[in-house]
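Spelled out from the first residue to the last, the chains are:
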Amino acid sequence: MTLDFALAGGAGSIWMRNPASSRRTKAPLRQSLFLQRVGDSNLSMPRKREPLRIGLLVPFQGADAIWGPSCQYSAVLAAAELNEKGGILGRQIELLAADAGGSPQAVVERARDLVERQGANALVGVHLSSVRVELARALADRVPYVFAPLFEGAALGEKVFTIGEVPERQFAGPVSHFMDNQGARRWFLVGNDYVWPRASHHWVRDFVTRRGGEVVGEEYVGLGEDTTHLVDMIEAANPDIVFISLVGSECVPFNRMFAARGLSRRMLRLSGAVEENTLMAIGADNTENLFCAAGYFSALQTPENNTFLKRYRDAFGVTAPVQGVLSEACYEGLRFFGALATRAQSLEFDALSQAFEGLSFESPRGVTTVRNGVASGPTYLARAEGTEFEVLRIFDNA
């Protein structure tokens, strides 16, 4: 599939053409010409100067595919805005997209094709950490690689630029809030069986225990496996709160069953991965006492987010995929890479690494600064109100 985005005459607009037809839709956004490819494409176009090709790795299959389209759209907006200001290092951005869903080994081969055959100069990914680990082993020495979403932290030895929330930043404030203000002393941890849930639960378990709480259960399930037994175990353990690290569409059947059993009326739920697309899929009838801790929500009422959402809707219309913490991270990943390359004045890994510490860059969250190798910024606690979030608290994590 090929998606073609281009400057519309002299009107400063994005044209979006469906490859199956000649129809185009237009939305205003001053920008320069760029192209996004998904999969193979023989599309060619004249260029005045060699573009900077960025391989976009977002999921279109598997549990995390539920937020793939939102990532794709936010990346297009970020590339358009960067091109509007001259691109990166004077080169206009061309986005080359590959599916980051499915097995990590399959994703590595798709990413390898982006680099070796299609000439990607850099990679920006929003996908599972299990995929990141394999990509770092296979390709991080070849081109700069930005892993943008929340993650488990301590990616030591990986030549990857990570800018997402780590467990301490994401969960310290919200977990303390529930223990101090909601009487949540007994915790049950459930997640998918891979590196991010396990590492996050290790941190949460230690934090809850140090603050005098108790973890009464901790269970994992493979991606794509049935979660009924998790609900059975939680019902039997009767915790005060369930900490959920199921990802993407894995959250949907679990939370529906949880509510159908009547557990949502007497137990709190806290997730670090339920974003706006997932919340809509869970359904308004199943979100009672469901909370999420994240570095971004579409409901944020800040000048930066209001500007971001206005430009997003102006570009793609009100029916475009909703934005959430993972798709915003995709937007942020491109903006970060632009700021990093500008500071380094290079695309070489060593120069970029030297420019990483202390770097500040703008995003819908506001200004983020890298301190001690970790991107710092606030965490928000939000409550599900039907199929939308209401932001309750901000934790500045200073």
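Residues numbered from 1 in each chain as written. Predicted model: local features only at pLDDT ≥ 70, side-chain atom pairs only at ≥ 80, totals over all residues. Heavy atoms only, no water.

Caption draft 1: Expanded view of the pairing of strand S13 (residues 268-271). Residues Leu268 and Leu270 of S13 are buried on one face, and the alternating residues Arg269 and Ser271, pointing to the opposite face, are buried as well. By the bridge criterion, four bridges tie strand S12 (residues 241-245) to S13 in an arrangement that is parallel. In the sheet register, isoleucine 244 faces S13, and the bridge partner there is serine 271. Between S12 and its parallel partner S13, the chain crosses via helix H7 (residues 251-260), and the hand of that crossover is right-handed. Where S13 meets strand S14 (residues 290-294), three bridges bridge the pair, whose relative direction is parallel. (Buried < 20%, exposed > 50% of the residue type's maximum accessible area, 1.4 Å probe, protein only. Helix = DSSP H or I, 4+ residues; strand = E, 2+ residues; numbered from the N terminus. Pairing = 2+ DSSP bridges. Right-handed = clockwise from strand over helix to strand, strands pointing away.)

Caption draft 2: Representation of the sheet that holds strand S11 (residues 214-221). Taking strand neighbours across the sheet as the criterion, the seven strands line up as S11-S10-S12-S13-S14-S18-S19 in an open arrangement whose pairing is mixed. Since the sheet does not close on itself, it has two edges, and those belong to S11 and strand S19 (388-395), each with one partner. For this sheet, the mean angle separating the axes of adjacent strands, direction not counted, is 20°. Here S14 runs beside strand S18 (residues 379-385); their pairing, made up of four bridges, is antiparallel. If you follow alanine 294 over to S18, its bridge partner there is tyrosine 380. Its contacts with the sheet put H7 on strand S10 (186-192), S12, S13 and S14, and the angle it makes with S12 is roughly 165°. (Axes fitted to C-alpha atoms, helices over the stretch in contact; angles between N-to-C directions. Contact = heavy atoms within 4.5 Å.)

Caption draft 3: Region of the structure containing the sheet that holds strand S15 (residues 360-363). Sheet architecture is open: three strands sit in the order S15-S16-S17, paired in antiparallel fashion. Unpaired on one side and paired on the other, S15 and strand S17 (374-376) mark the two borders of the sheet. The sheet shows a mean angle of 30° between the axes of neighbouring strands, taken without regard to direction. Looking at chain direction, S15 and strand S16 (residues 366-371) are connected through four bridges and run antiparallel. The residue of S16 that forms the bridge with serine 360 is threonine 369.

Caption draft 4: Geometry of unusual backbone geometry. Backbone geometry at leucine 89 places phi at a positive 55°, although glycine is not the residue there. Turning to its location among the elements, leucine 89 is positioned in the loop between helix H1 (68-84) and strand S6 (93-99). On the basis of relative accessibility, which here comes to 28%, the residue leucine 89 falls in the partly exposed class. In this structure, asparagine 238 is a non-glycine residue whose phi angle is positive, near 50°. With respect to the helices, strands and loops of the structure, asparagine 238 is situated in the loop between helix H6 (228-237) and S12.

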